Amino acid sequence: MTRDKGRKHAELGQAEPGPKAAEHVRRATVMGRLRAYFFAGVLVVAPISITFYIAYLVLDFVDSRVTPLIPARFNPSTYLPFGIPGLGLVILLVVLTFIGATTAGYLGRVFVRISEGVLARMPVISGIYGAVKQLVESVFASQASAFRQVVLIEWPREGAWSLGFVTNTTAGEIVDRLSGDVVSIMVPTTPNPTSGYLVFIPREKVIALQMSVEDAMKMILSSGIVLPPYEVERLRKAAAPVLP
């Protein structure tokens, strides 16, 4: 067997690899495997660790502001040698649910109407309250269509395409100044989708996509590295080359 290997190398004009070369190849193989195992561990641990860390920050933020408002005799931390994590978040959820149930009744609606009337008479507060209320209602109301559809628009120039979220059908002065049916679209920035640009695009120039808002957010946060499952399957079937 050894003579056959030596003969093959001699016919090809190559020297038979010695012990040092074989050891070098073996070390390179081991290092490659260790590197692959390391990145595999990062891919498993990083998402879990970041998720738990963000959850911890949210709980700590809410607890640090809600728990001190609890009277000492009702605060479990007074009688326990340790604090209860998440207690402030639970209390906040209970209070918000109670307020929602209270305002659903007749007396609650009267109280809200009187409070809004008082705020509407304040010069600066009225503008802030009106804008915040409209924003919250458009995002959390069940009948709202904000951020419900992902679209593709040709922006910021012809030939360049961007992902956007339909926020509303434009009305009022903007429609009077423009011709045709115009859609309000929020174009987020990468990798921070909380900021972006509000653009008004004619409806016929908007391409509706099947991907969900969550998949679009993942794509924006990863700068296009993470593709939605539909896109991955389509590229795999078409065997299309993916740009580096």
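Since we're looking at a predicted model, the values are computed, not measured.

Here Asn75 shows up in the loop between α2 (19–66) and α3 (87–103). On the basis of relative accessible area, Asn75 is assigned to the buried category, the value being 9%.

Turning our eyes to something else, we now look at the side chain of Ser222. Relative to the elements of secondary structure, Ser222 occurs in the loop between α7 (213–221) and α8 (229–238). At 2.9 Å, the side chain of Ser222 forms a polar contact with the backbone oxygen of Lys218. A polar side-chain atom of Ser222 sits 2.9 Å from the main-chain amide nitrogen of Val226.

To continue, consider the pattern of salt bridges. Counted according to the given criterion, the structure contains two salt bridges. Note that Glu173 is salt-bridged to Arg177, the shortest N-O span being 3.8 Å. Of this pair, Glu173 and Arg177 both sit in helix α6 (residues 173–177), four residues apart, which is roughly one turn of the helix. The burial state of Glu173 is the same as that of Arg177; both residues are exposed.

Following Trp155, the chain continues into Pro156 via a peptide bond in cis, with omega recorded as 15°. For Pro156, the location among the structural elements is in the loop between β1 (150–154) and β2 (161–169). Backbone torsion omega between Thr190 and Pro191 reads 0°, so that peptide bond is classified as cis. Tracing the backbone through its elements, the reader meets Pro191 in the loop between β3 (182–188) and β4 (196–202).

Among the secondary structure elements, Glu204 is positioned in the loop between β4 and β5 (207–208). Look at Glu204 and you get exposed, because its relative accessible area is 67%. For the pair formed by Glu204 and Val182, sequence separation is 22 residues and the distance between their alpha carbons is 8.8 Å.

Our focus in this paragraph is the pairing of β3. With seven of seven residues buried, β3 is to be regarded as a mostly interior element. For β2 and β3, the ladder comprises four bridges, and the chain directions are antiparallel. Directly across from Val166, in β3, lies its bridge partner Ile185.

Right, let's get into the confidence of the model for the chain. When pLDDT drops low, the exact placement of atoms in the prediction is not to be read closely. In the predicted model, the chain carries a mean pLDDT of 79, and the fraction of residues at 70 or more is 80%. Mean pLDDT across the elements of the chain bottoms out in helix α1 (residues 2–11) (49) and peaks in β1 (92). Between residues 8–15, whose pLDDT stays under 50, and residues either more than four places distant or in other chains, the model counts four contacts. Across residues 240–244, where pLDDT falls below 50, the model places two contacts with residues more than four positions away in sequence or in other chains.

Scoring rules and cut-offs
Residues numbered from 1 in each chain as written. Predicted model: local features only at pLDDT ≥ 70, side-chain atom pairs only at ≥ 80, totals over all residues. Heavy atoms only, no water. Helix = DSSP H or I, 4+ residues; strand = E, 2+ residues; numbered from the N terminus. Buried < 20%, exposed > 50% of the residue type's maximum accessible area, 1.4 Å probe, protein only. Polar contact = N/O pair within 3.5 Å; in protein donor to acceptor, adjacent residues only side chain to side chain. Salt bridge = Lys/Arg side-chain N within 4 Å of Asp/Glu carboxyl O. Pairing = 2+ DSSP bridges. pLDDT = per-residue confidence, 0-100. Contact = heavy atoms within 4.5 Å.

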